[in-house]
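Summary of structural features
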Amino acid sequence: MAETKKNTPYVSVSFDLGCTVEGARTEGKADFYPDRIEISTVGSVRTVETKNIKAYKCGLGVGCAMLEAECHEGPDILICRGSMEKNDTFANAVKVLNRCLEAGVFENSEDIEEGVLCPKCHRPFPRGSKSCPHCAPKGQYIKRLWDIAKPYRKFIYLSVLLYFVIAGINLLLPYFNRVLVDDYIRAEGLPKVGQYVLAVAMILIVNFASRLLGMLRTYTQLKASNKLIVRLRAIIFDKIQHLSLARVSKRTSGELMNRVTEDTGHIQQFITNDFGSLIEQVLMLLGVGTVLFIYDWRLALLIIAPMPLVILSHRLMWSFLRARYGRQWHMGAVANTILHDIFSGIRVVKAFGTEKAERARYDKSIKEECEVRASNETYFAVINPVTSFLMGVGEFFLLYFVGNAILGGEMTFGEMQQFSSYVSLIYGPLRWIAMMPRRITMTMTSVVKVFDVIDEECDVEDRADAKAIEPAGEIEIRNMSFGYENGHTVLHNINLNIKPGEMIGIVGRSGVGKSTLINLIMRMYDPDSGSISIGGVDIRDITQEALRRQMGVVLQETMLFSGTLYDNIAYSKPGATPDEVITAAKLAGVHKFAVKLADGYNTVIGEKGYTLSGGERQRVAIARALLHNPRFLILDEATSALDTETEKDIQDALQQLISGRTTIAIAHRLSTLRNATRLVVLDHGEVAEVGTHDELMRKKGIYFELVMAQRQMSKMG
Amino acid sequence: MSDNKNVYTLADAAQIVYLTEENAKFFKNGDFLGASLTLPDEEGNLKTERFERVWLHRSFPFNMPWEYISVQNKDQEELGLIRKVSELGEGSGAFVKEELLRKYYTPKIIKIKTLKETRGFSFWQVISDAGELSFTLQDTSRSIAKISEDRAFVFDICGNRYEIESLSALDKKSFRKLELYL
């Protein structure tokens, strides 16, 4: 080995915790050389020889990450430890280090992908997100929202224009009122009836025009917001559908539902109500302010003088109350969750006789919520009158000065009325604008959450040159390894060939990676290393849609959608003819119970409909898969939830499905794999045994032990 | 088996092996923890075996961090359960404690300097027994687990965890910042 290589680390990993129990963070670096590892922290360097190292792995820390080495002889070595920010760094390092170790090549210095930190504030990004919640400028999101709104901007422009027009018209009303009072009602001598009627008519027309334009404005606003939200929801929905199983599983279905419905709802609410009102109120403020200044700048100043105080007191009040109302909301949500749990699990509650305990639990939560609510109401009751009084202070000034002006003959009653109208017009927008930051914050929270989903990285994506070819032929798995996260490998160096038409049974203990293997074949995830190909084509070179079109799946849990029995079978082949559906149903054994139902195939099943038994549900799933007519069939514990008799019936139905197709089946009950061409036994994430039932029984290995254990169990049963 | 010869308790059925000073000796083996354990084999005969490395797992990490510690082999199969670390004797007990402290890294929050919430995230700057730390929480209320009336754990977006040993011992300003999320 060249001297230069010996002195250049091929991998460097930074860490931020010491290996001992002391809690304080300490920066350090581990440099990996072909013959040694130099672990340096402030003031110390530890050198570890690499010749005894068998493999690298991530340790099982809680609240911290560890990078360890497993040795051929002797105890494991702790290379470094870090906070959870280092978790991804260590996991990526383990992958690179093991790759180098296995290949015996330490020449290429590789960059270890660090867990992603914001370059600006150095805070970590939320998992799966590419933007920093701390530094992401609000404007960036607004711009993106604006881009999405591009097709509907004409409606937005029109509604903004209408706001200007309506605000202008509204400013005219106090003027006409003054004319009416001064020139006609309080005029000396009799007013001319025609002009009086004209003034009244003008007020009527202005009022009517304002309402009419208001209706038009509401229509355009609703049109814009509805269309925008429909588009936004479609984008999020589409994104969620395209995310890999791993990414989607990280979020609860409730959270995803919230993103699609609730958060977009907040945005819609803002666009429909608040955005328009903001323009309206700002315009009103500017317009009225200008008119007041033109009329009498001293009086206008008097009115405006308490404004900073008004805004400040309002903001203070709401920042104080907002947090408290947030807590009240949280308490309410906790109480609701308890209620939901109790009602959905009412059978368990009754079975264990825990009604009283549950009542006490619910009582406690609503009592807490009640206390917080009462305290909030008290605060509000005390604070609100004070701030309301402060907001009205300007009107008292006005009364004093206007009264003086009238008594001194400097102002008419009409002018006083006009002035009062303007003052009341200016205080409304002020109060409203003081609340605006809170509304904007709420909306921005929703906008950020929505874009958080939209921006999530798709880790299983179709390659740009992926072809929509129909995969056929032999499934070939070569040197494939895979781990979900943290560098913990679930499947290691799997090699397997599955010939067309074969039925492969995958056997092994729980958690050994059986379902992971079939998920990888279906490309729900991508392997960390190695490849899976079908008919000589890497599955990553085939579009996911084309790949899955040839894969049929029957799972342990059959998902039935709300709809008719017919719809549920036809789900796998939209546009299937009734003949096709009935043929599949007959083969799967659905037909015999379907024709006994009053509504036959039109029977509504799912959450709100007819309840199918476990066996019936599985039959529907099999019928679905039969109708789909795939080349490759995946059976993941398809019959494990059923009783033996039903299982036998279903097995017969499955035989119809299996014949002529490449089938990969997982079953805990080994007897259900009796027809398998070959059995693959997984152990510790590796292929431990492959062979027919007879071959493996003769081998007396893991499979033999599993069969014996099950036989023992069934004898006991 | 229980005293009553005809009645098996759940504990009998579970066949839990409790590790004490009598049947377990823990030692430092390189960077990690090794153990010499006397365990019953399949026939029920006691056999002493040396494990080059054992893994520890707290059964109740929040409310009983030094009790019910599961001792596992590399396949994460339980070898035995430590009911109380103090039952292991001084030497073994110290090694087990050290290993647990290293595995469960949970800085204790002493003071909350700033806590700002914006757009669904909250940004914390705290003083802890591990020094000054900053971290981010997503959905603040759900990221704080109140273990008892006076104790809470905080989980950040990376998976780090922090402990507030005593809520009542926090200074007023810190508590006020935190109070709304409890």
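Rules of the game
Residues numbered from 1 in each chain as written. Chains lettered and ligands numbered in written order. Predicted model: local features only at pLDDT ≥ 70, side-chain atom pairs only at ≥ 80, totals over all residues. Helix = DSSP H or I, 4+ residues; strand = E, 2+ residues; numbered from the N terminus. Buried ≥ 20, exposed ≤ 12 C-beta atoms within 10 Å, placed from the backbone. Contact = placed C-beta atoms within 7 Å. Nonpolar A, V, L, I, M, F, W, Y, C, P; charged D, E, K, R; others polar. pLDDT = per-residue confidence, 0-100. Pairing = 2+ DSSP bridges. Axes fitted to C-alpha atoms, helices over the stretch in contact; angles between N-to-C directions. Arc of directions from axis to C-beta. Core = buried A, V, L, I, M, F, W, Y, C linked by C-beta atoms within 7 Å. Parallel < 35°, antiparallel > 145°, perpendicular 65-115°, else oblique. Left-handed = near helix turned anticlockwise from the far one by under 90°.

**A closer look at the overall build of chain A**
Within chain A, the regular secondary structure consists of 22 helices and 19 strands. The buried share of chain A, reckoned over its 717 residues, is 30%.

**What to know about the overall build of chain B**
A tally of helices and strands in chain B yields three helices and 12 strands. Intrachain contacts of chain B at a sequence separation of at least 6 include 33% that bridge at least 24 residues.

**Quick look at the interface of chain B and chain A**
Where the parts come together, the accessible area they lose is often given as the size of the interface. At the junction of the two partners, chain B supplies 34 residues and chain A supplies 34 residues. Its residues placed into classes, the side of chain B that touches chain A shows 13 nonpolar, 12 polar and nine charged.

**A closer look at the confidence of the model for chain B**
Residues and elements named next belong to chain B. Overall, the prediction assigns chain B a mean pLDDT of 88, with 92% of residues at 70 or greater. Across residues 1-6, where pLDDT falls below 50, the model places six contacts with residues more than four positions away in sequence or in other chains. Across the assembled chains, the prediction reports ipTM 0.90 with pTM 0.70.

**Here we look at the sheet that holds strand S2 (residues 32-40) of chain B**
Two orientations exist for strands paired in a sheet by backbone hydrogen bonds: parallel and antiparallel. All names here are of chain B. Pairing within the open sheet is antiparallel, and its three strands lie in the order S1-S2-S3. Taken across any chain shown, the strands that pair with only one partner, and hence form the sheet edges, are strand S1 (24-29) and strand S3 (46-51). Adjacent strand axes in the sheet meet at a mean angle of 15°, parallel and antiparallel pairs treated alike. One ladder, built from six bridges, connects S2 with S3; its direction is antiparallel. The residue of S3 that forms the bridge with Thr38 is Thr48.

**Section: the sheet that holds strand S5 (residues 67-72) of chain B**
Residues and elements named next belong to chain B. In spatial order, the strands read S4-S5-S6; together these three strands make up an open sheet with antiparallel pairing. Two strands lie at the open edges of the sheet, namely strand S4 (55-58) and strand S6 (78-84), each paired on one side alone. Across the sheet, the mean angle from the axis of one strand to that of its neighbour is 25°, orientation sign disregarded. Where S4 lies against S5, four bridges are found, and the strand directions are antiparallel. Paired with Trp55 across the strands is Gln72, a residue of S5. Its contacts with the sheet put helix H2 (residues 90-103) on S4, S5 and S6, and the angle it makes with S4 is roughly 70°.

**Looking at helix H14 (residues 514-521) of chain A**
Residues and elements named next belong to chain A. What H14 keeps buried is the set Lys514, Leu517, Ile518, Leu520 and Ile521. All buried residues of H14 fall inside an arc of 155° around its axis, so they share one side. One or two steps after H14, the chain reaches Arg523, where phi turns positive at roughly 60°.

**Comments concerning the pairing of strand S10 (residues 503-507) of chain A**
Residues and elements named next belong to chain A. Burial within S10 is extensive, with five of its five residues counted as buried. Every second residue of S10 is oriented toward a common face, with Met503, Gly505 and Val507 on one face and Ile504 and Ile506 on the other, all of them buried. Of the pairings in the sheet, the one linking S10 to strand S17 (residues 662-666) comprises four bridges and is parallel in character. Across the sheet, Ile506 pairs through a bridge with Ile666, a residue of S17.

**What to know about the nonpolar core**
Ranked by internal contacts, the top residues of the largest apolar core, which has 64 residues, are Ile569, Ile622 and Ala623 of chain A. In terms of residue count, helix H19 (residues 614-628) of chain A provides more of this core than any other element does, seven residues in total. The residues touching Ile622 of chain A, leaving out its near neighbours within four places in the chain, are Val554, Ala588, Ala653, Leu654 and Leu657 of chain A. Counting residues in each nonpolar core, the second largest holds 41 residues, with Leu67 and Ala93 of chain A together with Ile157 and Leu170 of chain B among its members.

**Some points on the packing of helix H4 (residues 153-185) of chain A against helix H5 (residues 193-242) of chain A**
All names here are of chain A. Contact geometry for H4 and H5: axes closest at 9 Å, N-to-C directions at 160°. With respect to H5, the axis of H4 lies roughly antiparallel. Considering only the axes of H4 and H5, their crossing is left-handed. When grouped by side-chain class, the residues that make up the contact of H4 with H5 number 24 nonpolar, six polar and two charged.

**Regarding unusual backbone geometry**
Trans peptide bonds make up most of the peptide bonds, and negative phi angles are found at most residues other than glycine. Residues and elements named next belong to chain A. Of note, the phi angle at Asn629 is positive, near 50°, even though the residue is not glycine. With respect to the helices and strands, the residue Asn629 is situated in the loop between H19 and strand S16 (632-636). The phi torsion at Lys700 lies on the positive side, around 55°, for a residue other than glycine. Mapped onto the elements, Lys700 comes out in the loop between helix H21 (693-699) and helix H22 (702-716).

**Details of the pairing of strand S4 (residues 44-49) of chain A**
All names here are of chain A. Of all six residues making up S4, only zero are buried, and the element is barely covered by its neighbours. Two elements, strand S3 (residues 36-41) and S4, share six bridges in a ladder whose sense is antiparallel. Bridging across to S4, Arg36 finds its partner in Glu49. In this structure, the hairpin formed by S3 and S4 is closed by a connection of two residues, where Gly43 is found at a positive phi of approximately 85°.

**Digging into the packing of helix H8 (residues 297-304) of chain A against helix H12 (residues 393-407) of chain A**
Residue and element names in this part refer to chain A. Running from N to C, H8 and H12 point in directions that differ by 150°, and their axes come no closer than 8 Å. Looking at the two axes, H8 sits roughly antiparallel to H12. Note on element contacts: H12 touches H8 through Gly394, Phe397, Leu398 and Phe401, opposite Leu299, Leu302 and Ile303.

**Let's talk about helix H17 (residues 578-588) of chain A**
Along H17 of chain A, the positions that sit buried rather than exposed are Val581, Ala584, Ala585 and Ala588 of chain A. Around the axis of H17 of chain A, the buried residues are gathered within 100° of arc, so they sit on the same side.

**Details of the confidence of the model for chain A**
Residues at a pLDDT of 70 or more form 92% of chain A, whose mean pLDDT is 82. Mean pLDDT across the elements of chain A ranges from a minimum in helix H1 (residues 3-6) of chain A, with 51, to a maximum in strand S6 (residues 65-71) of chain A, with 93.

**Things to note about the environment of Glu280 of chain A**
Residues and elements named next belong to chain A. Inspection of the secondary structure puts Glu280 in helix H7 (residues 253-295). A count of 20 C-beta atoms within 10 Å places Glu280 in the buried class. Spatially, the C-alpha atoms of Glu280 and Phe164 are 7.5 Å apart, while their sequence positions differ by 116 residues. In this structure, Glu280 is in contact with Tyr163 and Ala167, ignoring residues within four places of it in sequence.

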